[in-house]
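Geometric and topological summary
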Amino acid sequence: MKLTKQGLRWWSLAGSLALLLVLLPARALAQGGATGSLNAPDIAGLFNIVLVLAILVFLLVEGLLIFAIVRYRRRSPDEMPEQVHGNNAMELSWTVGSGILVIILFFFTLGFYQQPRTLPEDSEPVTVEVTGHTWYWEYYYPETGVRTETTLNVPAGRPVVLDITSADVQHSFWVPEISGKVDAIPGRVQRMWFQVDEPGQFVGQCAEYCGLQHYDMLITVNVMEEQEFASWMDGEAAAVAEAAAATEEEAAALAGDPAAGEQLYNSMGCMACHSLDGSTLVGPSFQGLGARAGEVLDGVSAEDYLRESIVDPCAYLAEGFDNCVMPQNFGDRLSAQDLADLIAFLLEQ
Ligand code: CUA
């Protein structure tokens, strides 16, 4: 059989259609199997509603298109069809019809929208602060000060709350079998929760193009037996405490450089909450701190007081500041030399 140009067009059209009809249900099945976490099936369900509606619209539009191509094709070179300009009834019906579809989808979506953000009542969640970096994910457990990268360890059978943000550009946290996408936006914290009842591993990927190694920003969620998780956490927490104590000890023996400390004051964000001129921001001003630091607590030297205030800010709260809102991870983020520099800078205020 000789393949004409016309024939080739028909075959490629038929081939593309067949491929779509095979691929679409396969995709639906992949999503429909998303039962990793409590709230994932509903998100997958919403996807399937959208998919079914889209298939119906697709079949309608393509069917009409193929019908028109076959039924009204040009049969001879001098055939000229009747010339028309628009059809109000048809235009109105597809405008109103698609409008109604969008409204239906809006209400379906609205029903699911709050779910991954609203924790079930009387649950005891594990909180993890998730930070996107170019190009890796950092996981911080504020209750224990433990920090991991790339792999997120969580216990089975307990809700996990993720507070998601970014340290640089916009990323998006997405583990399809666990929940929907949540964007990681610098300067903003977005919350999401999930619960997986059986131990296992789930993989995900940054879902917002964030630069050269976006492809490599993988996520592994490792769901462990509750016991196993607890003993892993205990081991990590002990290591963190040991390292922090070593840093403090080392810092006490180092000479600090106030100029380097001033740079840290600016770069670590201290200045956002602590002024140098006596005005009260979120936390107490540093004005006059050098003179009063040694007298706040009986028998505690100025250096020790400042060190504790940085590393363990909630241990003692300055008068008039009843809520401890300062991050408690500076012992972890600052090197021994950084800590000594900051203290030298604060002593000069
Ligand atoms: Cu981070 Cu893409």
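Residues numbered from 1 in each chain as written. Predicted model: local features only at pLDDT ≥ 70, side-chain atom pairs only at ≥ 80, totals over all residues. Heavy atoms only, no water.

This next bit is on the overall build of the protein chain. Each helix and strand counted, the protein chain has 9 helices and 10 strands in total. The C-alpha atoms of the protein chain give a radius of gyration of 30 Å, which is well past the 20 Å a tight globule of 349 residues would have. Counting every position in the protein chain, which comprises 349 residues, the buried fraction comes to 30%. Here the contacts in the protein chain between residues at least 6 apart in sequence split such that 63% fall between residues at least 24 apart. On the protein chain, roughly 21,100 Å² of surface is accessible, and the fraction owed to carbon and sulfur atoms is 59%. One way to put it: in the protein chain the 17 positive side-chain charges average out to a point 27 Å from where the 45 negative ones average out. (Helix = DSSP H or I, 4+ residues; strand = E, 2+ residues; numbered from the N terminus. Rg over C-alpha atoms; globule rule 2.2 N^0.38 Å. Buried < 20%, exposed > 50% of the residue type's maximum accessible area, 1.4 Å probe, protein only. Contact = heavy atoms within 4.5 Å. Areas by Shrake-Rupley, 256 points an atom, 1.4 Å probe, with all protein chains shown as cover. Lys, Arg positive; Asp, Glu negative; His and termini not counted. Charge placed at Lys NZ, Arg CZ, Asp CG, Glu CD.)

For the rest of this paragraph, the subject is the packing of aromatic side chains. Across all of its chains, the model carries 9 aromatic pairs by this definition. Geometrically, the ring pair formed by Y141 and W232 is edge-to-face, given 5.8 Å between the ring centres and 70 degrees between the ring planes. Of this pair, Y141 sits in strand β2 (residues 136-141) while W232 sits in helix α4 (residues 226-253), placing them 91 residues apart in sequence. Residue classification places W232 among the buried residues on the basis of a relative accessible area of 18%. Here the aromatic rings of Y305 and Y316 are separated by 6.0 Å at their centres, their planes lie at 65 degrees, and the arrangement is edge-to-face. Within this pair, whereas Y305 is found in helix α7 (residues 302-311), its partner Y316 is found in the loop between α7 and α8 (330-333), the two being separated by 11 residues in sequence. Residue Y305 is classed as buried on the basis of its relative accessible area, which comes to 9%. For Y316, a relative accessible area of 30% translates into the label partly exposed. Site record: aromatic cluster; members linked through ring pairs are Y141, F229 and W232. (Phe/Tyr/Trp six-rings, centres within 6.5 Å; stacked < 30°, edge-to-face > 60°.)

This part takes up unusual backbone geometry. Here the bond from T134 into W135 is cis, since omega is 0 degrees, no more than 30 degrees from zero. Note that W135 resides in the loop between β1 (126-133) and β2.

A few words on the nonpolar core. Formed by 32 residues in total, the largest nonpolar core has its most connected members in L162, F173 and V221. Mapped onto this core, the elements with two or more residues apiece are β1, β2, β4 (151-155), β5 (160-166), β7 (182-184), β8 (190-194), β10 (218-224) and α4. Looking at which element gives the most residues to this core, the answer is β10, with 4 residues. Of all hydrophobic cores here, the second largest spans 20 residues; its members include A251, A336, F345 and L346. (Core = buried A, V, L, I, M, F, W, Y, C linked by side-chain atoms within 4.5 Å.)

For the rest of this paragraph, the subject is the sheet that holds β4. Spatial strand order, β4-β10-β9: 3 strands in an open sheet with mixed pairing. Pairing within the sheet leaves two strands with one partner each, and these edge strands are β4 and β9 (200-205). The sheet shows a mean angle of 20 degrees between the axes of neighbouring strands, direction not considered. The sheet contact formed by β9 and β10 spans 6 bridges and is antiparallel. (Pairing = 2+ DSSP bridges. Axes fitted to C-alpha atoms, helices over the stretch in contact; angles between N-to-C directions.)

On to the domain arrangement of the protein chain. Domain boundaries assigned for the protein chain yield domain 1 (5-73 + 86-114), domain 2 (126-239) and domain 3 (254-347). The C-alpha centroid of domain 3 is placed 30 Å from the C-alpha centroid of domain 2. (Domains from an automatic or database assignment.)

Glancing now at the side chain of H133. The topology assignment puts H133 in strand β1. Here H133 falls in the buried class, since its relative accessible area comes to 14%. With sequence-adjacent residues up to four places away left out, H133 is seen in contact with E138, A167, D168, H171 and M217.

Within the element layout of this structure, N222 appears in strand β10. A polar atom in the side chain of N222 sits 3.4 Å from the side chain of Q201. The contacts of N222, once residues within four sequence positions are left out, are T151, L152, N153, V154, G200 and Q201. (Polar contact = N/O pair within 3.5 Å; in protein donor to acceptor, adjacent residues only side chain to side chain.)

Here we take up the pairing of β5. For β5, a buried count of 7 out of 7 residues is recorded, marking the element as mostly surrounded by other parts of the structure. Where burial is concerned, the two faces of β5 agree: the one with V160, L162, I164 and S166 and the one with V161, D163 and T165 are both buried. Alignment of β1 against β5, held across 7 bridges, turns out to be parallel. Looking at the pairing, V128 lines up with L162 of β5. Where β5 and β8 come together, 5 bridges link them in antiparallel fashion. Pairing of D163 across the sheet is with R191, part of β8.

Applying the stated criterion across every chain yields a total of 4 salt bridges. The partner of R158 in a salt bridge is E226, with the nearest N and O atoms 3.4 Å apart. Of the two residues, R158 sits in the loop between β4 and β5 while E226 sits in helix α4, which places them 68 residues apart along the sequence. You can call R158 partly exposed: its relative accessible area is 24%. Here E226 falls in the partly exposed class, since its relative accessible area comes to 39%. Here R307 ties to D304 by a salt bridge, and the two come within 2.7 Å at their closest N and O atoms. On the criterion of helical spacing, the pair formed by R307 and D304 is a turn pair, its members being 3 residues apart in helix α7. By relative accessible area, R307 is classed as buried at 9%. D304 sits in the partly exposed class, given a relative accessible area of 39%. (Salt bridge = Lys/Arg side-chain N within 4 Å of Asp/Glu carboxyl O.)

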